[in-house]
Amino acid sequence: MKSFRKELWFNTSSRREYSNITHDIEKCILESGVSDGLCLVNAMHITASVYINDAESGLIQDYDDWLEKLAPHEPISHYRHNNTGEDNGDAHLKRQVMGREVVVAITGGRLDFGPWEQIFYAEFDGRRRKRVLVKIIGE
Amino acid sequence: MKSFRKELWFNTSSRREYSNITHDIEKCILESGVSDGLCLVNAMHITASVYINDAESGLIQDYDDWLEKLAPHEPISHYRHNNTGEDNGDAHLKRQVMGREVVVAITGGRLDFGPWEQIFYAEFDGRRRKRVLVKIIGE
Amino acid sequence: MKSFRKELWFNTSSRREYSNITHDIEKCILESGVSDGLCLVNAMHITASVYINDAESGLIQDYDDWLEKLAPHEPISHYRHNNTGEDNGDAHLKRQVMGREVVVAITGGRLDFGPWEQIFYAEFDGRRRKRVLVKIIGE
């Protein structure tokens, strides 16, 4: 069994941002030398998500509006978590809707994907350095 | 390490539909010859989900009502994504609530499941051929 | 390839409860002898979740309030599932928001975690014995 580990670093310029990281994951798979296995991609921070969906700018704006409706950023005082001095209570909730991680199949040394699947890093409390973990196992 | 890959194909007769695929996954596990490992089951399309819950028809209707409340299909114009000519903006949101994938344990050559766990394919934009990927690794 | 399996049992005193199980998972990893691999942690029941987020009491209350708003427990008659004699229709919905499982990386014989990641068992229909499955594969 082979294994591979890499961290991807992000520092978004806005509080919320959605980055297509599919190409970074493809590079990790090539680098790992694994041709058949599983690849875990997870946010290492608890106010960000990794998810798979369409790379279409309208949809990304739809997600952002919808998440803001399900768990609004303001009023800050709405969240007990913000009594700790944080202002990111909403980000912890948004991240649960979009998920912490994806597990993707590797077949023939490639991402085993459907036609429109793309891997995104979703930041809900950015403007600081945060990480994604890529862990691959297989042969 | 053994690995196994199979695609399951669906073509639902209605826009939204929930199909119990537990038996198909059990057959894949038998066919793989893996007795201890992990099995990934994921939608290969971005307007469908794979999830685990109860095979109870009332609950399935509850899910459908609830998802339609969280992310209504209409008005179509509500979603920027639909400006591309699609009418499935809601389906991309519903899929995020229910999830893209499940990872299940294989022990003793069987699905290692609790008493009521069943694997479902949830279609939110059907009436066309779409796929689920089953990827198994183990020994 | 090594594999390891263990069940963790819970019997919460209230209907909804959030338990930090990170230390239990760390013990499983040590016991498994796996230094590089993947660890699946999943609820074996369909009205409970395993998720990763912050061990902060205000946030946990925020989650509980938010889930109760997204899928209220009452009126019981609101859920078709409850026509079966159950009163846990809401719990099946709450569990979908928070997720069934997490997959975590093992590196150097330890949980490969970011600074604030903690694993929680979230019970939405407790006051009875229920289980979580830990399945580890690797080397």
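Look a little higher up for the structure.
Residues numbered from 1 in each chain as written. Chains lettered and ligands numbered in written order. Predicted model: local features only at pLDDT ≥ 70, side-chain atom pairs only at ≥ 80, totals over all residues. Heavy atoms only, no water.

## What to know about the sheet that holds strand β7 (residues 118–123) of chain B
Residue and element names in this part refer to chain B.
- Spatial ordering of the open sheet is given by β2-β7-β4, a layout of three strands whose pairing is antiparallel. With partners counted over all chains shown, the strands left at the sheet margins are β2 (17–20) and β4 (48–53), one partner each. In this sheet, adjacent strand axes meet at a mean angle of 25° when their direction is disregarded.
- In the sheet, β2 pairs with β7 via four bridges, with the strands oriented antiparallel. When the bridges of β7 are listed, Glu17 appears paired with Glu123. (Pairing = 2+ DSSP bridges. Helix = DSSP H or I, 4+ residues; strand = E, 2+ residues; numbered from the N terminus. Axes fitted to C-alpha atoms, helices over the stretch in contact; angles between N-to-C directions.)

## Looking at the packing of helix α2 (residues 57–70) of chain B against helix α3 (residues 89–98) of chain B
All names here are of chain B.
- Following both chains from N to C, one finds α2 and α3 inclined at 120°, their axes separated by 10 Å at the closest point. In terms of orientation, α2 and α3 fall into the oblique class. Two packed elements cross with a definite hand, and for α2 against α3 that hand is right-handed. Contact with α2, carried on its side by Tyr63, Trp66, Leu67, Glu68 and Leu70, involves Asp90, Lys94, Val97 and Met98 of α3 and no other residues of that element.
- Here the residues of the contact of α2 with α3 are counted per class, giving six nonpolar, no polar and three charged. (Parallel < 35°, antiparallel > 145°, perpendicular 65-115°, else oblique. Left-handed = near helix turned anticlockwise from the far one by under 90°. Contact = heavy atoms within 4.5 Å. Nonpolar A, V, L, I, M, F, W, Y, C, P; charged D, E, K, R; others polar.)

## Some remarks on the side chain of Thr12 of chain C
All names here are of chain C.
- Tracing the chain through its elements places Thr12 in the loop between β1 (2–10) and β2 (17–20).
- There is a polar contact of 2.8 Å between the side chain of Thr12 and the backbone oxygen of Ser14.
- Those residues within four positions of Thr12 in sequence are excluded, and the remaining contacts are Glu17, Glu123, Gly126, Arg127 and Arg128. (Polar contact = N/O pair within 3.5 Å; in protein donor to acceptor, adjacent residues only side chain to side chain.)

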